Amino acid sequence: MTEGPVSGGHDPGAYDPHAFPPFAVTVDLAVFTVRDGELHVLLIERGQEPYKGAWALPGGFVLPRESAGQAARRELAEETGLSASTADALHLEQLRTYSDPDRDPRMRVVSVAYTALVPDLPEPHGGGDAAHAQWMPHGSHGRLAFDHDRILADAHDRVGAKLEYTCLATAFCPSEFTLGELRQVYETVWGVELDRPNFRRKVLTTPGFVEAVEGGARLTGGRGKPAALYRAGPANALHPPLLRPEGRRTT
């Protein structure tokens, strides 16, 4: 008596892997930070063809025995010179999958993209396939290799939304900060000019977002009274969210 097909009605002997054209899986990373009051993105200068000498997002091919997440952290460390411990500590959020047939001139390549908005990362340097790695002001880098402009735009939208629903913005402020310093983080990432009284009201009425520093104040360069100081509160998520305003873009 011969055995029938495996459970579920699928006969493994009927599958011919050679009947399908091969393709590769890669990872790409859009990593942002705020430096000197300006949004920066981590970019590498490609050291090999295709697009040799062009700026691109860090990334590379997924190896046979690793997950996409493992590949993302390995490639981030290899191409930027960041330590493995620094790469492992980053909270990378999976963005989406990019699978247009002609996105890579070498062959069919499907990319899993990740993004992060993180403070206090060290200066990178090139490694692996990257001739050079650098923090560059967002929007100052010209056209990127492959479809990385599209990935970067999608990632920028994602990290902007993260500020709407989480308390991440406080991580880019000093341990004790003014509401003006906090507002500047939002304006930098969102590319908008915020109404100061409205921003202040929303921040101070959101439970657990910030806590007042008793007796703390800082001169801010204006002629008015010193600005009150705050520290990050215990909340992780914002309820209600701090939504981006429409029609007030600075760029």
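Structure's up top.
Figured I'd write up the structure that's included with this text. (Residues numbered from 1 in each chain as written. Predicted model: local features only at pLDDT ≥ 70, side-chain atom pairs only at ≥ 80, totals over all residues. Heavy atoms only, no water.)

Structural notes on the overall build of the protein chain
Now for step 1: When its secondary structure is counted, the protein chain shows five helices and nine strands.
Now for step 2: On C-alpha atoms alone, the protein chain measures out to a radius of gyration of 23 Å, which is more than a quarter above the 18 Å that the 2.2 N^0.38 rule sets for 251 residues.
Now for step 3: The C-alpha extent of the protein chain, read off along each of the three principal axes, is 90 × 50 × 35 Å.
Now for step 4: When the 251 residues of the protein chain are sorted by exposure, 41% land in the buried category.
Now for step 5: A total accessible area of about 14,100 Å² is found for the protein chain, and carbon and sulfur atoms account for 51% of it.
Now for step 6: Computed over 26 positive and 33 negative side-chain charges, the inter-centroid distance for the protein chain is 8 Å. (Helix = DSSP H or I, 4+ residues; strand = E, 2+ residues; numbered from the N terminus. Rg over C-alpha atoms; globule rule 2.2 N^0.38 Å. Buried < 20%, exposed > 50% of the residue type's maximum accessible area, 1.4 Å probe, protein only. Areas by Shrake-Rupley, 256 points an atom, 1.4 Å probe, with all protein chains shown as cover. Lys, Arg positive; Asp, Glu negative; His and termini not counted. Charge placed at Lys NZ, Arg CZ, Asp CG, Glu CD.)

Some remarks on the environment of G215
Now for step 1: Inspection of the secondary structure assignment puts G215 in strand β8 (residues 210-218).
Now for step 2: Taking relative accessible area as the criterion, G215 reaches 82% and is therefore assigned exposed.

Topic: the packing of helix α4 (residues 179-190) against helix α5 (residues 196-204)
Now for step 1: Two numbers describe how α4 lies on α5: the axes approach to 11 Å, and their chain directions differ by 100 degrees. It follows that α4 is roughly perpendicular to α5 by the angle criterion. Of the residues in α5, those in contact with L179, L182, R183 and Y186 of α4 are R196, F199, R200, V203 and L204.
Now for step 2: The residue makeup of the contact of α4 with α5, split by class, is six nonpolar, no polar and three charged. (Axes fitted to C-alpha atoms, helices over the stretch in contact; angles between N-to-C directions. Parallel < 35°, antiparallel > 145°, perpendicular 65-115°, else oblique. Contact = heavy atoms within 4.5 Å. Nonpolar A, V, L, I, M, F, W, Y, C, P; charged D, E, K, R; others polar.)

Structural notes on the pattern of salt bridges
Now for step 1: Using the criterion set out here, one finds 15 salt bridges in the structure.
Now for step 2: Notably, a salt bridge pairs E78 with R74, separated by 3.2 Å at the nearest N-O pair. Linking E78 with R74, this pair stays in helix α1 (residues 68-80), spanning four residues, or about one helical turn.
Now for step 3: E78 sits in the partly exposed class, given a relative accessible area of 38%.
Now for step 4: The partner of E93 in a salt bridge is R158, and the shortest N-O contact between them spans 2.8 Å. One end of the pair, E93, is in strand β5 (residues 93-98); the other, R158, is in helix α3 (residues 148-165), with 65 residues separating them in the sequence.
Now for step 5: Judged by relative accessible area, R158 falls into the partly exposed class, the value being 27%.
Now for step 6: What emerges from the salt-bridge pattern is a single network uniting E66, R74, E75 and E78. (Salt bridge = Lys/Arg side-chain N within 4 Å of Asp/Glu carboxyl O.)

Some words on the layout of surface pockets
Now for step 1: In this model, the largest pocket occupies a volume close to 480 Å³.
Now for step 2: Of all the secondary-structure elements, those providing two or more residues to the lining of the largest pocket are α4, α5 and β9 (227-232).
Now for step 3: Residues that form the lining of the largest pocket fall into these classes: seven nonpolar, four polar and five charged. (1 Å grid on protein atoms, 1.4 Å probe; cavity = no way out; pocket = protein on both sides within 12 Å on 5 of 7 lines; lining within 4 Å. Points joined across faces, edges and corners; volume = space filled by probe spheres on them.)

Topic: the packing of aromatic side chains
Now for step 1: What the rule picks out here adds up to four aromatic pairs.
Now for step 2: Ring geometry for Y15 against F20: centres 6.1 Å apart, planes inclined by 20 degrees, an arrangement best described as stacked.
Now for step 3: A residue is classified by how much of its surface remains accessible, and Y15, at 53% relative accessible area, is exposed.
Now for step 4: Classification of F20 by relative accessible area gives exposed; the value is 54%.
Now for step 5: Measuring from centroid to centroid gives 4.8 Å for Y51 and F146, while their planes differ by 65 degrees, and the two rings are edge-to-face. With Y51 in the loop between β2 (38-46) and β3 (55-56) and F146 in the loop between β7 (130-137) and α3, this residue pair connects regions lying 95 residues apart in the sequence.
Now for step 6: Owing to a relative accessible area of 36%, Y51 belongs among the partly exposed residues under this scheme. (Phe/Tyr/Trp six-rings, centres within 6.5 Å; stacked < 30°, edge-to-face > 60°.)

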